[in-house]
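Observations on the three-dimensional arrangement
One-letter residues, chain by chain:
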Amino acid sequence: MRPSTTPSTSTSTPAARAAVTTTARVEHGGRPAPDEADRRRKHERVITLLESRGAHSLILRSAAAISWYLDGSRVHVSLAADPIVAVVVSLDDAWLVATSNEVDRLRTEELPDIRIVTVPWHTPIGSVLPSGHGVLEESEVAEGIRAVRASLLPAEIARFRSLGREATTSLEALVEGVEESWTERAVAAEAASGLVAAGIDPLVLLVAGSERLAHRHPLPTEGELGARAMVVVCGRRDGLIVNVTRWFDAGGAPAEPFASDMRRIRAVERAYLDATVPGASLGGILRIGSAAYAEQGFAPDEWTKHHQGGAAGYAGRDPRATPGATDEVQLWQAFAWNPTAPGVKVEETVLVTPSGLEVLTTSAAKAADVEAPVAG
């Protein structure tokens, strides 16, 4: 029997202004109004990057960079395709290129106050982009532009908190209501429905029933959940991406060794979280977290069998932690670590604050009743 759900359809989630007040999500498209203070600071960061390279213009082409600069504007049509615009940021200006078939919707529903250059739909947008000396392509300064968007600004943080609460509330309500006989695809369908109703793009939906828990990236099948299952969601709204994993347990599966394995994998997660402090490198955090596998009785090479997560924000991992990653943790940067071992996995999205790590993937009820957990 297919489940019935009552996902939230509210479009009144507050998005904080960078000053002292909040403003409701705007009517058209349900998107928050652009925050002028945030926008100025973003432009200043890009100017600093340009000046450090002796350049006058930077062309942004990736979904992560464009969404960041344009306050989370939806600059895609297909979730799997490249952005439908390009943005040029110079020392004293910023403008974007859009095709004629896209520009009306973008101007009405998505874009902040920015100059738009329109080309016919059959004309490549690259035909009007600047080139030559002093013009940088995003790919030339990928690490630099990643660094300038890492530390989230006040309005971005408010949007991320709202996204984390709504995505987690939707997922946890779903997990609490499923039954053993549901298929993995039915669970994925309901997860997607809840996210889309909240204006969240379901970028990743993974479901593993009892028979498929060995798979680290279990794309949904027609198999039934059984007594225990894992559900993974990566959802995007306003350009920001939240990552969260939750478990279904019908009570019919043996409590052990699952319970003890989960305690041990959470201890590995704690090693990653405790190491996520301003100034630490992603490679250094990975070394600390991966060493915790052996300390907790897992195979020492367990970390090599699946990626462990990394920085979060405008990309699913921004970037993923690897042994050679030199990106350094910044204050107000988001992270999503996902340590995993056979049959167990944990994953939350957290924010680095002056007092520790704030968990963004907490349900609305928990957020109202409990102070945000911090690392310690």
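Residues numbered from 1 in each chain as written. Predicted model: local features only at pLDDT ≥ 70, side-chain atom pairs only at ≥ 80, totals over all residues. Heavy atoms only, no water.

Let's shift gears to the overall build of the protein. Counting its secondary structure elements, the protein contains nine helices and 16 strands. Within the protein, buried positions represent 54% of all 376 residues. By sequence separation, contacts in the protein at least 24 residues apart represent 63% of the contacts at least 6 residues apart. Only carbon and sulfur atoms are counted for the fraction: they give 54% of the accessible area of the protein, which is about 16,300 Å². (Helix = DSSP H or I, 4+ residues; strand = E, 2+ residues; numbered from the N terminus. Buried < 20%, exposed > 50% of the residue type's maximum accessible area, 1.4 Å probe, protein only. Contact = heavy atoms within 4.5 Å. Areas by Shrake-Rupley, 256 points an atom, 1.4 Å probe, with all protein chains shown as cover.)

What follows covers the side chain of His 43. Structurally, His 43 is set in helix α1 (residues 36-52). The class for His 43 is buried, based on a relative accessible area of 15%. Side-chain polar atoms of His 43 contact the side chain of Tyr 69, separated by 2.7 Å. With residues up to four places along the chain from it excluded, the contact list for His 43 reads Tyr 69, Val 89, Ser 90, Leu 91, Asp 92 and Asp 93. (Polar contact = N/O pair within 3.5 Å; in protein donor to acceptor, adjacent residues only side chain to side chain.)

This part covers the confidence of the model for the protein. Looking at the protein as a whole, its pLDDT mean stands at 90, while 89% of the residues score no less than 70. Here residues 1-28 is a poorly scored stretch, pLDDT under 50, and it has 52 contacts once near neighbours within four places are set aside; other chains count. (pLDDT = per-residue confidence, 0-100.)

All right, on to the side chain of Thr 361 then. Turning to its location among the elements, Thr 361 is positioned in the loop between β16 (356-359) and α9 (364-369). Side-chain polar atoms of Thr 361 contact the side chain of Glu 348, separated by 2.5 Å. Discounting chain neighbours no more than four positions away, the residues touching Thr 361 are Gly 164, Thr 168, Val 242, Asn 243, Val 244, Arg 246, Glu 348 and Thr 349.

Scanning the entire structure with this criterion turns up 28 salt bridges. Here Arg 317 and Glu 347 are joined by a salt bridge, their closest N and O atoms 2.8 Å apart. Pair noted here: Arg 317 is in the loop between β11 (309-312) and β12 (334-337) and Glu 347 is in the loop between β14 (344-345) and β15 (348-353), with a separation of 30 residues, a long-range link. The two residues Arg 317 and Glu 347 agree in class, both being buried. Salt-bridge contacts for Lys 345 lead to Glu 347; the nearest nitrogen and oxygen are separated by 3.5 Å. For the pair shown, Lys 345 and Glu 347 are each scored as buried. Here the salt bridges share partners, and the residues they tie into one network are Glu 36, Arg 39, Lys 42, Asp 71 and Glu 156. (Salt bridge = Lys/Arg side-chain N within 4 Å of Asp/Glu carboxyl O.)

What follows covers the packing of aromatic side chains. This model, assessed by the stated rule, comprises five aromatic pairs. Ring geometry for Tyr 272 against Trp 337: centres 4.9 Å apart, planes inclined by 20°, an arrangement best described as stacked. Here the residue Tyr 272 occupies a position in helix α7 (residues 258-275), and Trp 337 occupies one in strand β12, the gap between them amounting to 65 residues. When its relative accessible area of 0% is taken as the criterion, Tyr 272 is described as buried. These aromatic residues form a ring-pair network of at least three members: Tyr 272, Phe 335 and Trp 337. Seen from the ring of Phe 258, Arg 228 lies directly overhead, with NZ or CZ sitting 3.9 Å from the centre. (Phe/Tyr/Trp six-rings, centres within 6.5 Å; stacked < 30°, edge-to-face > 60°. Lys NZ or Arg CZ within 6 Å of the ring centre and 35° of its normal.)

Taken N-terminus to C-terminus, the directions of helix α5 (residues 154-177) and helix α6 (residues 184-197) make an angle of 150°; their axes are 9 Å apart at the nearest point. Remark: the crossing between α5 and α6 carries right-handed chirality. Facing α5, whose interface residues are Ala 167, Ser 170 and Leu 174, α6 presents Val 187, Glu 190, Ala 191, Gly 194 and Leu 195. (Axes fitted to C-alpha atoms, helices over the stretch in contact; angles between N-to-C directions. Left-handed = near helix turned anticlockwise from the far one by under 90°.)

With that out of the way, let us pick up empty space enclosed by the protein. Inspection of the entire model under this criterion finds three cavities of 30 Å³ or more. Of the pockets and cavities examined, the largest cavity occupies roughly 70 Å³. Residue lining of the largest cavity: Leu 213, His 215, Arg 216, Met 230, Trp 247, His 306, Thr 340, Ala 341, Gly 343, Val 344 and Lys 345, and that is the complete set. For the lining of the largest cavity, the secondary-structure elements that each account for two or more residues are β13 (340-341) and β14. For the lining of the largest cavity, the residue count by class is five nonpolar, four polar and two charged. There is about 50 Å³ of room inside the second largest cavity. In terms of lining residues, the second largest cavity is bounded by Arg 146, Arg 149, Ala 150, Leu 152, Ala 312, Gly 313, Tyr 314, Asp 318 and Gln 333. Its residues assigned to classes, the lining of the second largest cavity comprises four nonpolar, two polar and three charged. (1 Å grid on protein atoms, 1.4 Å probe; cavity = no way out; pocket = protein on both sides within 12 Å on 5 of 7 lines; lining within 4 Å. Points joined across faces, edges and corners; volume = space filled by probe spheres on them. Nonpolar A, V, L, I, M, F, W, Y, C, P; charged D, E, K, R; others polar.)

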